[in-house]
Amino acid sequence: MSSYQMNAGSGPIRAMGPSGDATYMDLSNMPVDNKQQQTMMWQQSQYMSDSGIHSGQTTQAPSISSKSQGNEVDDGDMDPTKMMFDWGLGADTYNQEQVDDINQQLNQTRSQRVRAAMFPETMPEGVQIPSTQIQPDQPTAVQRLSEPSQMLKHAVVNLINYQDDADLATRAIPELIKLLNDEDQVVVYQAAMMVHQLSKKEASRHAIMNSPQMVTALIRAMANTEDIETTRCAAGTLHNLSHHRQGLLAIFKSGGIPALVKLLSSPLESVLFYAITTLHNLLLHQEGSKMAVRLAGGLQKMVALLHHNNNVKFLAITTDCLQILAYGNQESKLIILASGGPGELVRIMKSYTYEKLLWTTSRVLKVLSVCPSNKPAIVEAGGMQALAIHLGHQSQRLVQNCLWSLRNLSDAATKMDQLDSLLHMLIQLLASTDINVVTCAAGILSNLTCNNQRNKVMVCQLGGIEALVRTIMQAGDREDITEPAVCALRHLTSRHPEAEMAQNAVRVHYGLPVLVKLLHPPSRWPLIKAVVGLIRNLALCPANHAPLREHGALPRIVQLLIRAHQDTQRRASISSNGPPLTGYVDGVRMEEIVEGTVGTVHILAREAHNRAVIRGLNCIPLFVQLLYSPIENIQRVAAGVLCELAADKEGAEMIEQEGATAPLTELLHSRNEGVATYAAAVLFRMSEDKPQDYKKRLSLELTSSLYRGDNWTDPPGFEDMSMPLEDSRDHMYNPQASQGGMYGHGGPHSDMGRGPTGYEQVPIDSMQGLDIGSQHGSAYSPMENLPDLANPGEINFDNLDPALGTHPDDNPNLWYDTDV
Amino acid sequence: MAGHTAGEPLECYSIPIVLEKEQDIDQQGNPIRDPDGKPRYRCGFRIGGGIDQDPSQSPQGYPDKGVYVTYIHDNSPASRCGLQLHDKILQVNGKDFTLVTHKQAVESIRKKPVLRMLVYRKGVPPLQKQGNPMVGHTQFQAYPHHAPSQQHYAPQHHQYQPQY
């Protein structure tokens, strides 16, 4: 017998049957590192002596015959010229006839194999076709082509069907239009049902879309019929059409929107579903739909639907529609408000857990929360608490939207009481790694602690001070974060029972170095102003004096004061011939900086070391100059700091040398009680070692000017100033800065910083303690009875509530007109 | 008159205007009354400014602390009487308006049903001290106004809010 020999090298194994090039197995990607491996692979396949017809095993190309004992393959001494092939169990060698036989069988069954690969559904049951696969994991060519050829088959089938459908539809549509317009309701119903069926298949759907009369007829039938099934079929059809651009356009043009809005009152749930989903698609993709829905009264209906429905997916679509309609449109927001929207939305936030619904609802709330009319309604409905529930949610987008909404609402919520859990969450969120989250949390805390004692105490107790200090440290020079955080600390360090604890806590948590650092560049004026105010509060705590001095706070503050003052002088000289120039730099007036820095130095000057530094920095001339300022607040702080400095003999002398006596005497007559009181105190201290009769005259003059009757009541015309608390706002967040997607995102802060100064709380008794003109040697003991002089500075209110969306120019206090 | 400092003497030509108010009515045509029963009148314009306001904050950019007309409603007595936008009101029913607070101005205007006003309007030629009165401009009447001896000015707004 002859044996066919296999080449040692790899190579395609060709069938050498009479049919020439037939099945051809490409084994070139078999690993052929060595011959042993190759033969081992051959060995692994099992060849039945019956060529595998019954076993279904693949057979090898019939051109190969084998000798037995494939076990010898493991030996290292295979003769490469004689590859042995193992045919498996009971392998016998085949002679040529048998090989030819096998070949022929395989050829005959080839077409079966191909047919089986392409049309498996046509194979009769139970037929076994000889397979040509050798390796279980190496598919044959036919096998590898089977999937693509099936896909091709499907495509061809679809095309054939499509053509059918299109033809059908084109012929049927005019008929159907006529039937839809029929008088008989049953006919209409049948026609609608038919159209609905047609609309499920693509080709006919396109035909329907492209026929405007059909769409019109559908809409008319839907609107006019009393039969709810007809409505349902028609609505279903429109729903199917709404997945395509031409469909949307056709519906829109044929006046579908008013009809769909009407359907929102339907009692049948499927109709509601079709209607809302179609409207949603229109709102998303069809230009002009928003206006049409608004005009058709869609908003009111959608809000009503929120109330009567429990299906979370339905609610999600409805709220998304509301969001699309309300975004950027003030009137829509007012309509939603009038329909009771805020209450419903808050209820949804409280009651459901489906994330998509919560997300879409939070977006609506965010859009509404910038509307000044909606804001109080949302807050009153419990919106803050409802949004706070979800701040720990996994979904980042939900948390972010809730935070933006909360920030927008926070200025209207300062009187609210049950915000404890919200405050707790916010403090935790300060530690988040997401910058946006931290920014929002800081901003909300800043607003909520403004003028609200309960919140201040709660935040302190919950570890807010430490969290805020850490946030400031980690924020570096990101002023978007540091400014609200510093403002929050400023609120927390004054005017509530735990203020002293807070002032200490800032120091304990290593806040002082980083705060002093923030006084330097690159900090901009708003941040500097906030830090200066915070340092003033911190200086109220004696334990902070030394650390503040060590970190060089005082020289830097004086530097800022000088710079700001020079700026105001420059403006004054430029505008000496015209109306006064009010200069805002970065949204902050330099006069405010002057006032803030002097006020801070005033408190720092309580400590003797600091006083020495202040004297050394040669500030006294500047303070004396500030006494001449036309601005009362500046007069007050200047007089205040001089009062502290005059406690030392050198200080008093320096003050007198600067010629402070004259302006101070002038200020005695100021109708501002604080100014007058401080002025009197400085004069008194300066008079310490003056002759007795001078003191006597001075005391007479002081008491007469201070006890002047009209000085202690509201000066005439005071009520003209008409500064109700609500108008005195710190403008913190401008959510309408851009509507391009960051709706509600914080914008630059601009400070308006105004409000009543609250001097009515200066106790009248303060000067009664003065034992002026006493016989005692040391004049300083009577001054101990003036502890309250330090207080006027503390009575001042925090920055009051921010007003969103207003600009400094709109501030009614500066200039307004009245209708007569 | 590019901004007149209140309290200083002023001489200029002014325009006399008589405005008769109309009764304020609601949509059904019923007259609206004050809480104490008196009928309410409307003039139909808005005023801004005053000695206690800061004109640099005015959107219109008024140069001084006078009282200015900032808006005139259509179809109102104001639109019919010859008053114009941005007129500066110098006097109303004999009361000087160059040294009043905003509130005082509003109250004075609301007092009487007929207003006899003198206004200054930009474009009115300046008063000439010597010689001939303006020919052809007889509607202007010289407005000699001398500073009253008030020492007390209405208080300025507090501008700055300590933030503690």
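For clarity, every value in this text was computed on a predicted model and none was experimentally measured. (Residues numbered from 1 in each chain as written. Chains lettered and ligands numbered in written order. Predicted model: local features only at pLDDT ≥ 70, side-chain atom pairs only at ≥ 80, totals over all residues. Heavy atoms only, no water.)

So, about the overall build of chain B. A count of helices and strands for chain B gives two helices and nine strands. Secondary structure elements of chain B, listed N to C terminal, follow the sequence β-β-β-β-β-α-β-β-α-β-β. By residue count, 46% of the 164 residues in chain B fall in the buried class. Residue pairs in contact within chain B that sit at least 24 positions apart in sequence constitute 67% of those at least 6 positions apart. For chain B, the exposed surface amounts to about 8800 Å²; the carbon and sulfur share of it is 48%. (Helix = DSSP H or I, 4+ residues; strand = E, 2+ residues; numbered from the N terminus. Buried < 20%, exposed > 50% of the residue type's maximum accessible area, 1.4 Å probe, protein only. Contact = heavy atoms within 4.5 Å. Areas by Shrake-Rupley, 256 points an atom, 1.4 Å probe, with all protein chains shown as cover.)

This paragraph deals with helix α22 (residues 435-448) of chain A. Note on helix geometry: an α-helix contains 3.6 residues per turn, so any two residues three or four positions apart are oriented the same way. All names here are of chain A. Taking 1.5 Å as the rise per residue, α22 with 14 residues should run 20 Å; its terminal C-alpha atoms sit 20 Å apart, in good agreement. Most of α22 sits inside the fold, with 12 of its 14 residues counted as buried. Listed in full, the buried residues belonging to α22 are Val437, Val438, Thr439, Cys440, Ala441, Ala442, Gly443, Ile444, Leu445, Ser446, Asn447 and Leu448. The inward-facing, buried residues of α22 abut α19 (383-389), α20 (396-409), α21 (420-429), α23 (453-461), α24 (464-475) and α25 (479-492). By the N-cap criterion, in which a side-chain oxygen at the helix start approaches the backbone nitrogen of a residue two or three places on, α22 is capped by Asp434, the distance to Asn436 being 2.9 Å. (Expected span 1.5 Å × (residues − 1). Polar contact = N/O pair within 3.5 Å; in protein donor to acceptor, adjacent residues only side chain to side chain.)

Another aspect to go through is the pattern of salt bridges. Residue and element names in this part refer to chain A. Summed over the entire model, instances satisfying the criterion amount to 25 salt bridges over all chains. The salt bridge involving Asp567 is made with Arg571; its shortest N-O contact spans 2.8 Å. A residue pair is termed a helical-turn pair when its members lie 3 or 4 positions apart in one helix, as Asp567 and Arg571 do in helix α30 (residues 553-574) at four residues. Of the two residues examined, Asp567 and Arg571, each falls in the buried class. Here Arg615 and Asp648 are joined by a salt bridge, their closest N and O atoms 2.9 Å apart. Here the residue Arg615 occupies a position in helix α32 (residues 608-616), and Asp648 occupies one in the loop between α34 (632-645) and α35 (649-657), the gap between them amounting to 33 residues. What makes Asp648 buried here is its relative accessible area of 16%. Residues participating in the shared-partner salt-bridge network are Arg611, Arg615, Asp648 and Glu650. (Salt bridge = Lys/Arg side-chain N within 4 Å of Asp/Glu carboxyl O.)

Looking now at the side chain of B:Lys21. All names here are of chain B. Among the secondary structure elements, Lys21 is positioned in the loop between β1 (10-20) and β2 (22-23). By relative accessible area, which is 12% here, Lys21 ends up buried. A distance of 2.6 Å separates a polar side-chain atom of Lys21 from the backbone oxygen of Ile109. Within the structure, the side chain of Lys21 is placed 2.8 Å from the backbone oxygen of Lys112, a separation counted as a polar contact. In this structure Lys21 touches Tyr41, Arg42, Cys43, Pro77, Ile109, Arg110, Lys111, Lys112, Pro113 and Leu115, once residues within four positions along its chain are discounted.

Ranked by internal contacts, the top residues of the largest apolar core, which has 190 residues, are A:Leu180, A:Leu391 and A:Phe623. Beyond its immediate stretch of four places on either side in the chain, A:Leu391 contacts A:Val399, A:Cys402, A:Leu403, A:Leu406, A:Leu422, A:Met425, A:Leu426 and A:Leu429. The next biggest cluster of nonpolar side chains, apart from the first, holds 29 residues, and it includes B:Ile15, B:Ile17, B:Cys43 and B:Ala78. (Core = buried A, V, L, I, M, F, W, Y, C linked by side-chain atoms within 4.5 Å.)

A low pLDDT score tells you not to read the predicted coordinates there in detail. Residue and element names in this part refer to chain B. Considering every residue of chain B, the mean pLDDT works out to 76; 76% of them sit at 70 or more. Throughout residues 130-164 the model reports pLDDT below 50, and contacts reaching past four residues in sequence, or to other chains, amount to 109 contacts. As a predicted assembly, this complex carries a pTM of 0.57 together with an ipTM value of 0.75. (pLDDT = per-residue confidence, 0-100.)

Attention shifts here to the environment of A:Val364. Residue and element names in this part refer to chain A. Its location among the elements puts Val364 in helix α17 (residues 355-368). Along the chain, Val364 and Leu345 lie 19 residues apart, while their C-alpha atoms are 8.1 Å from each other. Residues in contact with Val364, not counting those within four places in the same chain, are Thr319, Leu322, Gln323 and Leu345.

This next bit is on the environment of A:Asn672. Residues and elements named next belong to chain A. Along the chain, Asn672 falls in the loop between α36 (661-667) and α37 (673-686). Sequence-wise, Asn672 and Gln635 are 37 residues apart; in three dimensions their C-alpha atoms are separated by 9.6 Å. Separated by 3.0 Å, the side chain of Asn672 and the backbone nitrogen of Gly674 make a polar contact.

To continue, consider the packing of helix α11 (residues 269-285) of chain A against helix α14 (residues 312-326) of chain A. All names here are of chain A. Interaxial distance between α11 and α14 falls to 10 Å at its minimum, and their mutual angle equals 35 degrees. Handedness of the α11/α14 crossing: left-handed. Only Phe314, Ile317, Thr318, Asp320, Cys321, Ile324 and Leu325 of α14 make contact with α11, whose side of the interface consists of Leu272, Phe273, Ile276, Thr277, His280, Leu283 and Leu284. The residue makeup of the contact of α11 with α14, split by class, is 10 nonpolar, three polar and one charged. (Axes fitted to C-alpha atoms, helices over the stretch in contact; angles between N-to-C directions. Left-handed = near helix turned anticlockwise from the far one by under 90°. Nonpolar A, V, L, I, M, F, W, Y, C, P; charged D, E, K, R; others polar.)

What follows concerns the side chain of A:His244. Residues and elements named next belong to chain A. Checked against the element boundaries, His244 lands in the loop between α8 (228-241) and α9 (245-253). Of the residues examined, His244 reaches a relative accessible area of 17% and is grouped as buried. When sequence neighbours within four positions are dropped, the list of residues in contact with His244 reads Arg205, His206 and Met209.

All names here are of chain A. A cis amide bond links Pro521 to the next residue, Pro522, at an omega of 10 degrees. Within the secondary structure, Pro522 sits in the loop between α27 (511-517) and α28 (525-538). Positive phi outside glycine occurs at Arg495, with the angle close to 65 degrees. Its place among the elements puts Arg495 in the loop between α25 and α26 (499-508). On the basis of relative accessibility, which here comes to 30%, the residue Arg495 falls in the partly exposed class.

Moving on to the environment of A:Ala388. Residue and element names in this part refer to chain A. Examined against the element boundaries, Ala388 turns out to sit in helix α19. Residue Ala388 is classed as buried on the basis of its relative accessible area, which comes to 6%. Leaving out residues up to four positions away in the same chain, Ala388 has contacts with Leu422 and Met425.

Taken together, the side chains of A:Leu152, A:Val156, A:Leu159 and A:Ile160 present a nonpolar region at the surface, about 400 Å² in accessible area. Checked against the element boundaries, A:Leu152 lands in helix α4 (residues 141-180). (Patch = residues over 30% accessible without salt bridge, like charges linked within 9 Å, V, L, I, M, F, W, Y side chains within 5 Å.)

What follows is about the packing of aromatic side chains. Per the stated rule, a full pass over the model turns up three aromatic pairs over all chains. Here the aromatic rings of A:Trp815 and B:Tyr62 are separated by 5.7 Å at their centres, their planes lie at 40 degrees, and the arrangement is tilted. Of this pair, A:Trp815 sits in the loop between α41 (792-795) and β5 (817-819) while B:Tyr62 sits in the loop between β4 (45-49) and β5 (67-72), each in a different chain. Since its relative accessible area comes to 7%, B:Tyr62 is described here as buried. Cluster of aromatic residues (ring-pair linked, three or more members): A:Trp815, B:Tyr62 and B:Tyr68. (Phe/Tyr/Trp six-rings, centres within 6.5 Å; stacked < 30°, edge-to-face > 60°.)

This part takes up the pairing of strand β6 (residues 88-92) of chain B. Residues and elements named next belong to chain B. Along β6, four of the five residues are buried, which leaves the element largely enclosed by surrounding structure. Relative to β6, β5 runs antiparallel, the two being bridged by two bridges. Bridge pairing links Val67 to Ile89 in β6. Alignment of β6 against strand β8 (residues 114-120), held across four bridges, turns out to be antiparallel. Within β8, the residue paired with Val92 across the bridge is Met117. As judged from the two bridges shared by β6 and strand β7 (residues 95-96), these two strands associate in the antiparallel manner. Paired with Val92 across the strands is Lys95, a residue of β7. A loop of two residues connects β6 with β7, the two strands running antiparallel in sequence, and Asn93 in this loop sits at a positive phi of about 50 degrees. (Pairing = 2+ DSSP bridges.)

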